[in-house]
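Summary of the model geometry
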Amino acid sequence: MKDETNEDFVQVRRRDLERLTTEVMQLRDFLPKVLDGDIVWTFQKLDAIESSMEKKEEEIEQLKMDCEHFRARLEAAQADCMREKKEKLDLRQHLHEAKQQLLQQAEYCTEMGAAVCTLLWGVSNNEEAVKTILGGSKAAKFFTITAQTMESFVKSLSEDTKQQDLDSDENQFVLALAGIVTNVAALACGREFLVSSSPDLLDTMMHLLGEMKPGLCTKFKVLMLMSLYNVSINLKGLKYISESPGFIPLLWWLLNDPDTEVCLHVLRLLQSVILEPEVLAKSACEMRDTLPFQRIITLSKSRNAELQALAKELLEDLKILEYEA
């Protein structure tokens, strides 16, 4: 049946309703007695577990989202890594090509330098040619580059090198440079120029002579010694050379070279010092205390007639040290 609000109702007899009410009241009174504490605790624990599971599900969902995020970042990083690897390979290839080009250019420059300087070496035998060279605006720069080239060449020598390839472009290049310096120093104007405008070249040659082992690059040593000897003809040049730190020990070091040409030119340079009173006065004490007389005596018995004669002559000249004492 329905009332005016169209809601459904069920007819129940009063007796049944009273019975139902009584039963509900009884259940309300007896249910707590029936359900013990363990069951209640179990339900409470179940509720806590369900809440924890819901929280864990949320955490798992968040972890899944984080995982996707990190996977995306990993894929992006891997892509960047592959791109960088490719770029590095490309750069390495470009670097290799650049090195090859640089090597080719260096070889070309060395060949060109050896050819040009060999020609200039020959031309520098002419006094007018030397004057023209020294009168140019690049003369000082040329001798600066000469010093740098010589130094670079000596640094490139292996300590184990026993023989040099005399026909190599590098060797011919520095020999030609040293030859040019020798020819320039053979002229009065050249000596003056080297002492006044290129003293660094003189310093470099003396330094390199002390760096090279006995028996190594003897032709190069001879040319540098000839240059220094030519410069020593100029009094200012002789003073500059003889007053350089380590000059006297350098001469004794070079006298131990097994090459007769090297020893010959060392003795000539030493003779320049001894025969100039003003210079000798400053060096006499050091020379007298360190002079390797025995080595010079040995050279005075050399089979090389020129070296023998010069050594004997020098032994006579060295007697002046007794008067300088």
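Before reading on, note that the structure itself is shown above.
First, a word on scope: everything that follows refers to the structure included in this document.

**Describing the overall build of the chain**
Each helix and strand counted, the chain has 15 helices and zero strands in total. Here the C-alpha atoms of the chain give a radius of gyration of 50 Å, more than 25% beyond the 20 Å that 2.2 N^0.38 yields for 325 residues. For the chain, contacts bridging at least 24 residues in sequence account for 71% of all contacts bridging at least 6. For the chain, the exposed surface amounts to about 21,600 Å²; the carbon and sulfur share of it is 55%.

**Section: the environment of Glu170**
Mapped onto the fold, Glu170 is located in helix H5 (residues 169-185). Given a relative accessible area of 43%, Glu170 falls into the partly exposed group. Through-space distance from the C-alpha of Glu170 to that of Ser227 is 20 Å; in sequence the pair is 57 residues apart. Those residues in contact with Glu170, other than ones at most four positions away along the chain, are Thr110 and Phe153.

**Looking at the side chain of Gln271**
For Gln271, the position within the fold is in helix H11 (residues 260-274). Residue Gln271 is classed as buried on the basis of its relative accessible area, which comes to 11%. Apart from the residues lying within four places of it in its own chain, the contact partners of Gln271 are Leu310, Glu313, Leu314 and Asp317.

**Some words on unusual backbone geometry**
Residues other than glycine seldom take positive phi values, yet Cys217 does so here, at roughly 50°. When its relative accessible area of 9% is taken as the criterion, Cys217 is described as buried.

**Quick word on the environment of Leu251**
You can see Leu251 is positioned in helix H10 (residues 247-254). Residue classification places Leu251 among the buried residues on the basis of a relative accessible area of 1%. As a C-alpha pair, Leu251 and Gly210 span 41 residues in sequence and 8.9 Å in three-dimensional space. Beyond its immediate sequence surroundings of up to four residues, Leu251 is in contact with Val266, Leu269 and Leu270.

**Notes on the packing of aromatic side chains**
Scanning all chains against the criterion turns up three aromatic pairs. Between Phe153 and Phe220, the ring centres sit 5.9 Å apart and the planes meet at 90°, which makes this aromatic pair edge-to-face. Remark: Phe220 occurs in helix H8 (residues 218-232) and Phe153 occurs in helix H4 (residues 139-156); sequence separation between them is 67 residues. Neither Phe153 nor Phe220 differs from the other in exposure class; each is buried. In textbook terms, an aromatic cluster arises when at least three aromatic residues are bridged by ring pairs, as seen for Phe142, Phe143 and Phe193.

**Thoughts on the environment of Asp80**
With respect to the helices and strands, the residue Asp80 is situated in helix H2 (residues 37-123). It is 53 Å that separates the C-alpha atoms of Asp80 and Cys117, two residues lying 37 residues apart in sequence.

**Quick notes on the nonpolar core**
Met150, Phe220, Leu270 and Met287 are the most contacted members of the largest nonpolar core, which has 72 residues in total. For this core, the element with the highest residue contribution is H5, accounting for 10 residues. In contact with Met150, other than residues within four places in its own chain, are Val174, Leu177, Ala178, Leu201, Met205, Leu208, Phe220 and Met224.

**Here we look at helix H7 (residues 199-211)**
Here H7 contains 13 residues, and its C-alpha end-to-end distance of 19 Å stays within 8% of the 18 Å for a straight helix at 1.5 Å per residue. All of the buried residues in H7 are Leu201, Leu202, Thr204, Met205, Met206, Leu208 and Leu209. For H7, the elements touching its buried residues are H4, H5, helix H6 (188-197), H8, helix H9 (235-242) and H10.

**As for a negative patch on the surface**
On the surface, Asp47, Glu50, Glu54, Glu57 and Glu58 cluster together into a patch of negative charge. Looking at where Glu57 falls in the secondary structure, it is placed in helix H2.

**Digging into helix H12 (residues 277-290)**
Between its first and last C-alpha, H12 extends 19 Å over 14 residues, near the 20 Å set by a 1.5 Å rise per residue. Along H12, the largest kink reaches about 55° and is centred on Ser283.

Calculation notes
- Residues numbered from 1 in each chain as written.
- Predicted model: local features only at pLDDT ≥ 70, side-chain atom pairs only at ≥ 80, totals over all residues.
- Heavy atoms only, no water.
- Helix = DSSP H or I, 4+ residues; strand = E, 2+ residues; numbered from the N terminus.
- Rg over C-alpha atoms; globule rule 2.2 N^0.38 Å.
- Contact = heavy atoms within 4.5 Å.
- Areas by Shrake-Rupley, 256 points an atom, 1.4 Å probe, with all protein chains shown as cover.
- Buried < 20%, exposed > 50% of the residue type's maximum accessible area, 1.4 Å probe, protein only.
- Phe/Tyr/Trp six-rings, centres within 6.5 Å; stacked < 30°, edge-to-face > 60°.
- Core = buried A, V, L, I, M, F, W, Y, C linked by side-chain atoms within 4.5 Å.
- Expected span 1.5 Å × (residues − 1).
- Patch = residues over 30% accessible without salt bridge, like charges linked within 9 Å, V, L, I, M, F, W, Y side chains within 5 Å.
- Salt bridge = Lys/Arg side-chain N within 4 Å of Asp/Glu carboxyl O.
- Lys, Arg positive; Asp, Glu negative; His and termini not counted.
- Charge placed at Lys NZ, Arg CZ, Asp CG, Glu CD.
- Bend = angle between axes of the 7 residues up to and from the residue.

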